[in-house]
Amino acid sequence: MNWTETEPIISIKDLHKSFGSLEVLKGISMDVMKGEVVCVIGPSGSGKSTLIRCINALNDINSGSIKVEGQEVHDPKLNKLELRKKVGMVFQQYNLFPHRTALQNIMMAPVKVLKQNPEDVRERAINLMTRVNLTGKEDSYPGELSGGQQQRVAIARSLAMNPRVMLFDEVTAALDPETVKDVLITIKDLAEDGMTCILVTHEMGFAREVADCIYFTDRGIIVEYGPPSTFFSDAKDPRTKEFLSQIL
Amino acid sequence: MIETITSFFLQLADDYPRWNFIFFYDSFQWWRLVGGLKMTILLSIACVLLSVVIGIVGAWLQGSPRRWVRLLVQGYIQFFRNTPPFVQLLFFYFALGQITPTITGPDGWTEVPLISNVGWAIISLSFFAGSFNVEIFRAGIEAVPESTREAADSLGFSRFQSYVELVMPLAFRVSLPALNNNLVNLIKTTTQAIGIAVPELLYECVGIWNDYPSALYPTMTVLFFVFIILVGILVAGMHKWEKSMQIPGYGAS
Amino acid sequence: MGSRLIPGVHSRASTDLPVLLPYRYRGTDENGLVGFSSWLVSATPWIVPVAFALCLIWPLTALAAGYGYDDAIKALFKWLPFLFLSGFLFNILISVLTMLIGTMAGVLLGLAQITPVWIIQVAAKFATQLFRNSPWLVLLFIVLLALPFEFTIGSMIISVPDWSKAVFGLSLPIMANISEVVRGAIQSVPTGQWEAAESLAFSRRQVLWQIILPQCFKRMIPPWMNWYAILTMATPLCSLLGVEELITLSRQAIESENNHPELLVPFYSFALMIFFLYCYPIARLTIQLEKRYAVKL
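K.L.:
I'm lost on the overall build of chain B in this one. Help?
P.N.:
Along its length, chain B carries nine helices and two strands. When the elements of chain B are put in sequence order from the N terminus, they spell out α-α-α-α-β-β-α-α-α-α-α. A globule of 253 residues ought to have a C-alpha radius of gyration of about 18 Å, yet chain B, at 23 Å, is considerably larger. Each principal axis of the C-alpha distribution contributes one length, and for chain B these read about 75 × 55 × 35 Å. Residues classed as buried in chain B amount to 58% of the 253 residues present. When the accessible surface of chain B is totalled, it reaches about 10,900 Å², and 68% of it is carbon and sulfur. Each charge sign in chain B was given a centre, from 14 positive and 16 negative side chains, and these centres are 12 Å apart.

In structure tokens:
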């Protein structure tokens with residue numbers, strides 16, 4: 001692997017993906033540099049979620065290529081563990097493990113998968129809890145936390161693996177409005193610390209504030225992309241314009 | 001103390017000839033009953049444990065990517081669930097028992113079967129109850145949402161790790177009520193071991209009331225009580241366990 | 001609790017403790033063994049021939065000297081019509097009679113479990129739990145020994161055949177379990193139905209017979225069939241009481257063939273197979289009905 005930081009950390013080329021006869025992604029290409037924050041927006045069913053699930057190999061692909069740090073994701077010889085150490089993912093429904101406390105949720109993967117020393121991991125996990133602003137909730141079970149708190153535990157859980165890239169799949173879509181803000185602040189802090197992030201989101205204001213680049217997808221293709229400053233004020237494509245006019 | 005009890009029951013047998021609690025004053029009959037009770041408890045514990053193990057292994061195999069493994073498990077379940085447990089027991093003991101090898105007994109010259117009738121009873125009843133347990137656990141596993149398993153995937157858990165750390169603990173909680181029912185049923189089914197002369201409680205009771213017809217009603221009463229107590233202990237234990245495994249924030253509110 | 005409790009029908013805190021509310025397992029009800037069927041969906045029908053092969057070819061491959069397995073199988077085919085007609089059909093007859101009696105008694109007991117008259121309700125619940133939780137074999141033995149062997153009516157002496165005692169003995173647990181099926185089905189009808197009917201001035205009896213029971217009748221069929229299958233598989237227990245059913249006759253046949261040990265595998269395999277062939281289709285049908293009725297709740 002000869003990947004250097006001058007090359008894109010994630011490089012997607014002509015990605016196609018179908019579910020049965022339904023083609024969801026019809027040739028997607030995008031490059032994400034290290035430290036960049038990318039937001040993917042677009043109407044429901046435009047394939048945004050499928051796109052980032054493919055990056056983490058949760059969905060397989062039909063054709064094209066996805067490279068993370070120069071390593072092909074859909075190479076059958078790929079060690080998925082190596083990929084998933086590099087790429088963290090946060091889900092819309094949090095998907096915390098309901099039978100473990102918040103702290104245990106964070107510690108589980110590093111201890112069981114990476115076989116790290118539980119004492120070190122515990123210390124790191126407590127720091128992560130502080131980082132996502134949940135000090136004092138270490139021993140709460142997911143069922144005892146609000147949606148926003150659960151989502152922040154889920155973010156901390158992913159961070160505990162020390163990933164290079166974080167994927168966020170509509171992480172605020174299932175939350176009560178008043179808890180959305182805390183989660184967004186957490187992500188923003190993360191982005192400001194230099195974490196490479198790909199977000200699928202409906203929060204346009206947030207996207208405008210944190211993103212380095214915004215991609216608009218519709219019906220399985222990337223219609224338009226650009227930095228937020230020009231993207232929101234100066235969209236070229238009529239479909240983008242229509243979408244933005246509905247949402248803003 | 002003991003003398004008061006024996007004399008009370010002796011008197012009772014005198015006054016009411018139909019209520020001859022012979023085992024409460026005749027020590028031979030008493031030990032017969034205790035022996036039967038011990039055997040019933042042994043059968044119950046052994047079968048409960050073995051059948052749960054069979055259930056867990058079977059449910060794991062049912063998720064196997066190999067088609068023939070899944071079919072084999074399916075065939076096992078089908079067969080054991082749709083044939084009478086009593087005939088299974090006879091088949092195991094009489095039919096398979098004569099094919100299995102024998103070993104030389106403790107006296108050095110008689111041949112004894114490798115697996116005794118108690119052994120066959122445990123094997124047969126466990127496989128019977130196990131076929132139900134496989135399905136109970138599988139249903140529990142299916143109740144664990146795909147998305148939760150995906151989260152484990154995305155954190156790099158292997159299939160085995162996510163089974164042990166995530167799927168099984170959750171599935172087990174979901175399965176408990178159904179498992180409870182099946183194990184209660186299993187304890188009741190242990191009486192069928194009488195068919196291959198396993199000296200369990202029913203066997204001894206039948207023996208006692210054959211020898212002493214006047215002890216018929218007392219033995220029946222004891223039988224009813226013992227099984228209701230045994231089932232009660234199991235149910236209470238399972239409920240306690242269920243409660244202790246309850247996840248805060250998820251139980252009935 | 002938002003809605004009112006119908007006296008007798010509903011009670012507070014009657015559920016099993018749900019340990020994990022969000023992921024509820026829907027496969028079972030209180031009968032537990034209805035789940036007995038829910039797995040069958042994924043099964044392929046050709047399991048039958050496979051199981052057949054397993055039971056019939058395997059013994060053929062086993063080694064035998066002198067009196068061989070081929071002789072044993074010849075003997076089985078000689079006895080087969082007798083075993084089927086006098087043995088297995090008798091098992092079926094016992095199961096049908098038992099189911100008939102058990103169902104009638106069970107429906108009455110089930111309705112008694114939800115009557116507002118508390119003394120009847122308590123007695124019905126006690127009877128249900130007692131017979132549901134006792135081993136079938138214990139009940140069979142008790143009925144066999146506790147019932148008189150003959151009745152005297154005037155100068156007539158009517159002897160009671162063993163098989164009728166077996167029918168009675170098996171009816172008890174069936175009655176108790178059907179009672180639970182009936183109670184469960186009635187309680188599964190939403191309270192709103194009772195309230196709606198009562199607000200239209202139906203009497204309690206009218207509500208029960210004209211509104212509630214017609215709704216849950218269909219839902220009772222799958223568990224009822226399930227219990228029939230379980231009952232059929234319990235009929236071999238009658239051989240312990242000396243009833244001349246399949247297993248008893250198989251033993252007699254083996255004896256009259258001079259007790260060669262090679263006879264055991266074929267004869268018991270035959271018994272297993274014939275029960276399987278009878279119960280497996282019932283189980284599949286149960287599943288199908290269960291699926292069909294489940295949607296229309």
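Now that the structure has been shown, we can carry on.
K.L.:
Would you mind going over the overall build of chain A with me for this structure?
P.N.:
In terms of helices and strands, chain A carries nine helices and 10 strands. Computed over the C-alpha atoms, the radius of gyration of chain A is 18 Å, within 12% of the 18 Å expected from 2.2 N^0.38 for a compact globule of 248 residues. Projected onto its principal axes, the C-alpha coordinates of chain A cover approximately 55 × 45 × 35 Å. Out of the 248 residues in chain A, the part that is buried amounts to 56%. Residue pairs at least 24 apart in sequence account for 64% of intrachain contacts in chain A once pairs closer than 6 positions are excluded. When the accessible surface of chain A is totalled, it reaches about 10,800 Å², and 45% of it is carbon and sulfur. With 29 positive and 33 negative side-chain charges, chain A shows a spacing of 4 Å between the two charge centroids.

K.L.:
Sorry, what's going on with the sheet that holds strand β9 (residues 213–218) of chain A here?
P.N.:
By definition, the strands of a sheet pair up through backbone hydrogen bonds, in either a parallel or an antiparallel sense. Residue and element names in this part refer to chain A. Read from one edge to the other, the open sheet built from six strands follows the order β6-β7-β8-β3-β9-β10, with strand pairing classed as mixed. The open sheet has two edge strands with one neighbour each: β6 (87–90) and β10 (221–226). Adjacent strand axes in the sheet meet at a mean angle of 20 degrees, parallel and antiparallel pairs treated alike. In the sheet, β9 pairs with β10 via five bridges, with the strands oriented antiparallel. Across the sheet, the residue bridging to Phe-216 is Glu-224, located in β10. Contacting β3 (37–41), β6, β7 (165–169), β8 (196–200) and β9, helix α1 (residues 48–55) runs over the sheet at an angle of about 150 degrees to β7.

K.L.:
Help me understand helix α3 (residues 102–113) of chain A, please; the structure alone is not making it clear to me.
P.N.:
Given 3.6 residues per turn, any residue in an α-helix points the same way as the ones three and four places further on. An ideal rise of 1.5 Å per residue puts 16 Å on 12 residues; α3 of chain A measures up with 18 Å between its terminal C-alpha atoms. Of all 12 residues in α3 of chain A, 10 are buried, a share of seventy percent or more. Taken residue by residue, α3 of chain A has Ala-102, Leu-103, Asn-105, Ile-106, Met-107, Met-108, Ala-109, Pro-110, Val-111 and Val-113 of chain A as its buried positions. The elements touched by buried residues of α3 of chain A are α2 (80–86), α4 (118–131) and α5 (147–159) of chain A together with α7 (159–189) of chain B. In the stretch just after α3 of chain A, Lys-115 of chain A is the one whose phi turns positive, near 55 degrees.

K.L.:
Is there a simple way to think about the packing of helix α4 (residues 118–133) of chain C against helix α6 (residues 162–188) of chain C in this case?
P.N.:
The packing of two helices is summarised by the inter-axis angle and the distance between the axes. All names here are of chain C. Two numbers describe how α4 lies on α6: the axes approach to 8 Å, and their chain directions differ by 125 degrees. As judged from the angle between their axes, α4 and α6 are oblique. Between α4 and α6 lies a crossing of left-handed hand. In contact with Thr-128, Gln-129, Phe-131 and Arg-132 of α4, α6 contributes Leu-172, Pro-173, Met-175, Ala-176, Asn-177, Ser-179 and Glu-180. The class makeup of the residues in the contact of α4 with α6 is five nonpolar, four polar and two charged.

K.L.:
Quick question: what am I supposed to make of the environment of Val-132 of chain A here?
P.N.:
Residue and element names in this part refer to chain A. Examined against the element boundaries, Val-132 turns out to sit in the loop between α4 and α5. Residue class for Val-132 comes out buried when judged on its relative accessible area of 1%. Taking the C-alpha atoms as reference, Val-132 lies 9.7 Å from Gln-151; in sequence the two are 19 residues apart.

K.L.:
What exactly am I supposed to notice about the pairing of strand β1 (residues 10–19) of chain A here?
P.N.:
For a regular strand, side-chain orientation follows a simple rule: the groups alternate between the two sheet faces. All names here are of chain A. In this structure, β1 lies alongside strand β2 (residues 22–32), joined through eight bridges in antiparallel fashion. Looking at β2, one finds that Ser-11 is bridged to Asp-31. Where β1 folds back onto β2 in an antiparallel hairpin, the turn is made up of two residues, including Gly-20, whose phi is positive at roughly 65 degrees. Examined bridge by bridge, β1 and strand β4 (residues 63–68) share five bridges and lie antiparallel to one another. Bridging across to β4, Ser-11 finds its partner in Lys-67.

K.L.:
So what exactly am I meant to see when it comes to the nonpolar core here?
P.N.:
Most often, soluble globular proteins have nonpolar side chains that are buried together. Residues Ile-10, Leu-15 and Ile-55 of chain A, Leu-179 of chain B together with Trp-136, Ile-186 and Ile-212 of chain C are the most contacted members of the largest nonpolar core, which totals 199 residues. Apart from the residues within four sequence positions on either side, Ile-212 of chain C is in contact with Ile-186, Val-189, Gln-193, Trp-194 and Val-207 of chain C. Core analysis: the second largest hydrophobic core is formed by 50 residues, Val-171, Val-180, Phe-206 and Val-210 of chain A among them.

K.L.:
Teacher, can you tell me more about the packing of aromatic side chains here?
P.N.:
Working definition: an aromatic ring pair is given by the centre-to-centre distance plus the angle between the planes. Residues and elements named next belong to chain B. As enumerated under the stated definition, the model contains 38 aromatic pairs over all chains in all. Residues Phe-21 and Phe-23 carry aromatic rings whose centres are separated by 6.0 Å and whose planes lie at 85 degrees to one another, so their mutual orientation is edge-to-face. Of the two residues, Phe-21 and Phe-23, neither departs from the other in class, the shared state being buried. Seen in terms of ring centroids, Phe-92 and Trp-120 are 5.8 Å apart; in terms of plane orientation they differ by 45 degrees. Their pairing is tilted. On the criterion of sequence distance, the pair formed by Phe-92 in helix α4 (residues 85–96) and Trp-120 in helix α5 (residues 117–143) is long-range, its members being 28 residues apart. The burial state of Phe-92 is the same as that of Trp-120; both residues are buried. Through a chain of ring-to-ring contacts, the aromatic side chains of Phe-8, Phe-9, Trp-19, Phe-21, Phe-23, Phe-24, Trp-30, Trp-31 and Tyr-217 assemble into a single cluster. A cation sits over an aromatic face here: Arg-159 above Trp-60, 4.1 Å from the ring centre.

K.L.:
Teacher, can you tell me more about the pattern of salt bridges here?
P.N.:
A side chain of one charge can pair with a side chain of the opposite charge if their charged atoms are brought near each other. Tallying each qualifying case throughout the model produces 21 salt bridges over all chains. For Arg-239 of chain A, the salt bridge is made with Asp-237 of chain A, and the minimal N-O distance between the two is 3.8 Å. Taking relative accessible area as the criterion, Arg-239 of chain A reaches 30% and is therefore assigned partly exposed. Notably, a salt bridge pairs Arg-183 of chain C with Glu-180 of chain C, separated by 3.0 Å at the nearest N-O pair. Of the two residues, Arg-183 of chain C and Glu-180 of chain C are both situated in helix α6; the distance of three residues between them amounts to about one turn of the helix. The network of salt bridges with common partners includes Glu-69, Lys-86 and Arg-164 of chain A.

K.L.:
I keep staring at the state of the cysteines and nothing clicks. Help me out?
P.N.:
Chemically, a disulfide is nothing more than a covalent bond linking the sulfur atoms of two cysteines. Counted under the stated rule, the structure contains zero disulfides over all chains. Lacking any disulfide linkage, Cys-213 of chain A is separated from the closest cysteine sulfur, that of Cys-39 of chain A, by 9.3 Å. In this structure Cys-213 of chain A comes out as buried when scored by relative accessible area, which is 10%. Of the cysteine sulfurs around Cys-238 of chain C, a residue in no disulfide, the closest is that of Cys-279 of chain C, at 14 Å. Given the relative accessible area of 0%, Cys-238 of chain C is considered buried.

K.L.:
Explanation requested: the sheet that holds β4 of chain A in the structure shown.
P.N.:
Residues and elements named next belong to chain A. If you trace the four strands from one edge of the open sheet to the other, you get β2-β1-β4-β5, paired in antiparallel fashion. Edge positions in the sheet fall to β2 and β5 (71–72), since each of these pairs with one other strand and no more. Lying on the sheet, α1 is in contact with β1, β2 and β4; it crosses β1 at an angle near 120 degrees.

K.L.:
Looking at this structure, I do not really get the side chain of Glu-200 of chain B. What am I missing?
P.N.:
Residues and elements named next belong to chain B. Summarising the element assignment, Glu-200 is placed in the loop between α7 and α8 (201–211). Despite its burial, Glu-200 pairs with no opposite charge; the closest candidate is Arg-32, at 12 Å N-O. A polar contact is formed between the side chain of Glu-200 and the backbone nitrogen of Tyr-203, at a distance of 2.9 Å.

Rules used throughout
- Residues numbered from 1 in each chain as written.
- Chains lettered and ligands numbered in written order.
- Predicted model: local features only at pLDDT ≥ 70, side-chain atom pairs only at ≥ 80, totals over all residues.
- Heavy atoms only, no water.
- Helix = DSSP H or I, 4+ residues; strand = E, 2+ residues; numbered from the N terminus.
- Rg over C-alpha atoms; globule rule 2.2 N^0.38 Å.
- Buried < 20%, exposed > 50% of the residue type's maximum accessible area, 1.4 Å probe, protein only.
- Areas by Shrake-Rupley, 256 points an atom, 1.4 Å probe, with all protein chains shown as cover.
- Lys, Arg positive; Asp, Glu negative; His and termini not counted.
- Charge placed at Lys NZ, Arg CZ, Asp CG, Glu CD.
- Contact = heavy atoms within 4.5 Å.
- Pairing = 2+ DSSP bridges.
- Axes fitted to C-alpha atoms, helices over the stretch in contact; angles between N-to-C directions.
- Expected span 1.5 Å × (residues − 1).
- Parallel < 35°, antiparallel > 145°, perpendicular 65-115°, else oblique.
- Left-handed = near helix turned anticlockwise from the far one by under 90°.
- Nonpolar A, V, L, I, M, F, W, Y, C, P; charged D, E, K, R; others polar.
- Core = buried A, V, L, I, M, F, W, Y, C linked by side-chain atoms within 4.5 Å.
- Phe/Tyr/Trp six-rings, centres within 6.5 Å; stacked < 30°, edge-to-face > 60°.
- Lys NZ or Arg CZ within 6 Å of the ring centre and 35° of its normal.
- Salt bridge = Lys/Arg side-chain N within 4 Å of Asp/Glu carboxyl O.
- Disulfide = S-S within 2.5 Å.
- Polar contact = N/O pair within 3.5 Å; in protein donor to acceptor, adjacent residues only side chain to side chain.

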